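# Fold and geometry: a report
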Amino acid sequence: MSSVRAYTATSPTAPLAPGTIERREVGPKDVLIDIAYAGICHSDIHTVRGDWGQVPYPLTVGHEIAGVVARVGSEVTLHEVGDRVGVGCMVDSCRECANCLAGAEQYCLRGFTDTYNGTDRDGTVTQGGYSERVVVDEHFVLRIPDAIPFEKAAPLLCAGITTYSPLRNWNAGPGKKVAVVGLGGLGHMAVKIAHAMGAEVTVLSQSLKKREDGLRFGADHYHATGDPATFERLANTFDLIVNTVSASIDMDAYLNLLTLDGTIVSVGAPPEPVPVTLFTLFENRRSFAGSKIGGIAQTQEMLDFCAEHGIAPEVEIIGADGINDAWERVLASDVRYRFVIDTSTLATG
């Protein structure tokens, strides 16, 4: 085991603080990554604050990781020292069940290993990317194409794949009308990706204050959901709605916006249940689905797609000493559109 600098949470309410965490030694199939950048995801905050269950403090979060390979195990074939690589929301799975064999490790029937707050192969709690280094099995390490700016790459490993996966799986493309609910860290990526796929894209946001940004990212239309007339005007319109918000919404109202055989896919995860009236689903043969990240192959596909189409998240780079302020700004929806930690500042943060 080796100690590395990190920012850790010690309780649901205490500010994150500098400290150290332990990383396992590099095994035959492992890759040691010097972390350069770590994105801040709303999931980090939900986890630390206990919204999704009990937490074994102290915990270092962060599952949007971009770094450089520093060492490889003796049996590693996929990566070499010096490669630009990324790690997303999972660092292991059984790799034997039907879902894993189908390339859907995120739905591992035995449960994948979360990048943080999971149980590692040695029985310890996994620790995330707000740290200097991480050791990960080569299968769960992604190649970051040179065309993607390194400082903007980390959020693609969560926000990017979380939105790419439903757009890809529900066939967003030419001739399809796609709506994106919310224009935050997830939503702005959904707009960029759906536009690049060739879909007609509409943003549904509480107000029009981000309209200029939404259109710049590729949206064709932008509507305020705070205006009740919006739901009347857009009834029976969309083939696919991607709901990116992590708060409860009136799901029935959004379901009514779907055309025949339309689907709404939620990727945002509010802590409380979201009620749905079955009769709303009956009309237009609508569907309500959920989606979480993507498998390793699809995540690499997403990175290559973003490189090909010049897609990258809008980021604000911060030092480690700004993490707690950034969390408060995330909660206040005061970020456009993703915070990224420069982990070289951990030594002074």
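Residues numbered from 1 in each chain as written. Predicted model: local features only at pLDDT ≥ 70, side-chain atom pairs only at ≥ 80, totals over all residues. Heavy atoms only, no water.

Taking an unreviewed UniProt entry as the reference, the protein is identified by name as alcohol dehydrogenase (NADP(+)) belonging to Nocardiopsis codii. The record held by UniProt for the protein lists under Cofactor (unreviewed entry) the comment "Zn(2+)". A UniProt comment under Sequence similarities (unreviewed entry) is attached to the protein, and it reads "Belongs to the zinc-containing alcohol dehydrogenase family." (UniProt positions renumbered as here; feature names shortened; annotations may be inferred.)

Before going further, it helps to examine the overall build of the protein. If you tally the helices and strands in the protein, you get 11 helices and 17 strands. Over its C-alpha trace the protein gives a radius of gyration of 20 Å, about what one expects of a compact globule, namely 20 Å for 349 residues. The principal-axis extent of the C-alpha atoms belonging to the protein is close to 60 × 40 × 35 Å. The burial tally for the protein puts 56% of its 349 residues in the buried class. Counted over contacts in the protein with a minimum sequence separation of 6, partners at least 24 positions apart contribute 67%. For the protein, the accessible surface area stands at approximately 14500 Å², while carbon and sulfur atoms represent 49% of it. (Helix = DSSP H or I, 4+ residues; strand = E, 2+ residues; numbered from the N terminus. Rg over C-alpha atoms; globule rule 2.2 N^0.38 Å. Buried < 20%, exposed > 50% of the residue type's maximum accessible area, 1.4 Å probe, protein only. Contact = heavy atoms within 4.5 Å. Areas by Shrake-Rupley, 256 points an atom, 1.4 Å probe, with all protein chains shown as cover.)

Right, let's get into the packing of helix 4 (residues 159-169) against helix 10 (residues 296-309). Between helix 4 and helix 10, whose axes approach to 10 Å, the crossing angle comes to 95 degrees. When the interaxial angle is binned, helix 4 and helix 10 end up roughly perpendicular. Residues Gly160, Ile161, Tyr164, Ser165, Arg168 and Asn169 of helix 4 form the contact with helix 10, whose own contacting residues are Gln298, Thr299, Glu301, Met302 and Phe305. Counted by class, the contact of helix 4 with helix 10 contains 4 nonpolar, 5 polar and 2 charged residues. (Axes fitted to C-alpha atoms, helices over the stretch in contact; angles between N-to-C directions. Parallel < 35°, antiparallel > 145°, perpendicular 65-115°, else oblique. Nonpolar A, V, L, I, M, F, W, Y, C, P; charged D, E, K, R; others polar.)

A word on the UniProt feature "domain: Enoyl reductase (ER)" (unreviewed entry) in the protein. Under the present numbering, the feature "domain: Enoyl reductase (ER)" (unreviewed entry) in UniProt falls on residues 11-341. The distance from the first to the last C-alpha atom of residues 11-341 is 21 Å, and the span holds 25% helix and 25% strand.

This part covers the sheet that holds strand 12 (residues 221-224). With respect to topology, 6 strands assemble into an open sheet ordered 12-11-10-13-14-15, the strand pairing being parallel. Both outer strands of the open sheet, strand 12 and strand 15 (287-290), are each paired with one neighbouring strand and no more. Taking the axes of each pair of neighbouring strands and ignoring which way they run, one obtains an average angle of 20 degrees across the sheet. Sheet topology places strand 10 (residues 177-181) next to strand 11 (residues 200-205); 5 bridges connect them, and they run parallel. Counted as the bridge partner of Ala179 is Thr202 from strand 11. (Pairing = 2+ DSSP bridges.)

What follows deals with the pairing of strand 10. In terms of burial, strand 10 is a largely internal element, 4 of the 5 residues being buried. Tracing the backbone out of strand 10, into helix 5 (residues 185-197) and back to the parallel element strand 11 gives a crossover that is right-handed. Here 4 bridges tie strand 10 to strand 13 (residues 238-243), and the two strands are oriented parallel to one another. Bridge pairing links Ala179 to Ile241 in strand 13. (Right-handed = clockwise from strand over helix to strand, strands pointing away.)

It is characteristic of soluble globular proteins that their nonpolar side chains tend to be buried jointly. By size, the foremost hydrophobic cluster in this structure holds 69 residues, and its most contacted members are Ile148, Leu167, Val191 and Ile193. For this core, the element with the highest residue contribution is helix 5, accounting for 7 residues. Sequence-distant contacts of Ile193, defined by excluding residues within four places in its chain, comprise Gly160, Thr163, Tyr164, Leu167, Phe305 and Ile311. Of all hydrophobic cores here, the second largest spans 22 residues; its members include Tyr7, Ile40, Ile318 and Val330. (Core = buried A, V, L, I, M, F, W, Y, C linked by side-chain atoms within 4.5 Å.)

Before going further, it helps to spend a moment on the environment of Met251. Here Met251 lies in helix 8 (residues 251-255). Using a relative accessible area of 2% as the deciding quantity, one classes Met251 as buried. C-alpha separation for the pair Met251 and Thr277, spaced 26 residues apart in sequence, amounts to 8.5 Å. Ignoring anything within four residues of it in the chain, the contact list for Met251 reads Asn243, Ile264, Ser266, Val274, Pro275, Val276 and Phe288.

Right, let's get into the packing of aromatic side chains. Evaluated as defined, the whole model comprises 5 aromatic pairs. Geometrically, the ring pair formed by Tyr37 and Phe150 is edge-to-face, given 5.9 Å between the ring centres and 85 degrees between the ring planes. Taken together, the positions of Tyr37 in strand 3 (residues 30-39) and Phe150 in helix 3 (residues 150-153) put the pair 113 residues apart, joining distant regions of the chain. Each member of the pair, Tyr37 as well as Phe150, is classed as buried. Considering the side-chain rings of Phe231 and Tyr254, the 5.1 Å spacing of their centres and the 90 degrees angle between planes classify their relative orientation as edge-to-face. Residue Phe231 is located in helix 7 (residues 229-233), and its partner Tyr254 is located in helix 8; the two are separated by 23 residues in the primary sequence. The pair Phe231 / Tyr254 is uniform in exposure class, with both members buried. (Phe/Tyr/Trp six-rings, centres within 6.5 Å; stacked < 30°, edge-to-face > 60°.)

So, on to helix 4. Taking burial as the measure, the 11 residues of helix 4 include 9 buried ones, the bulk of the element. Restricting attention to buried positions, one finds in helix 4 the residues Ala159, Gly160, Ile161, Thr162, Thr163, Tyr164, Ser165, Pro166 and Leu167. Residues of helix 4 that are buried sit in contact with strand 10, helix 5, strand 13, strand 14 (258-266), helix 10 and strand 17 (338-342). Asn171, located one to two residues past helix 4, shows a positive phi value of around 60 degrees.

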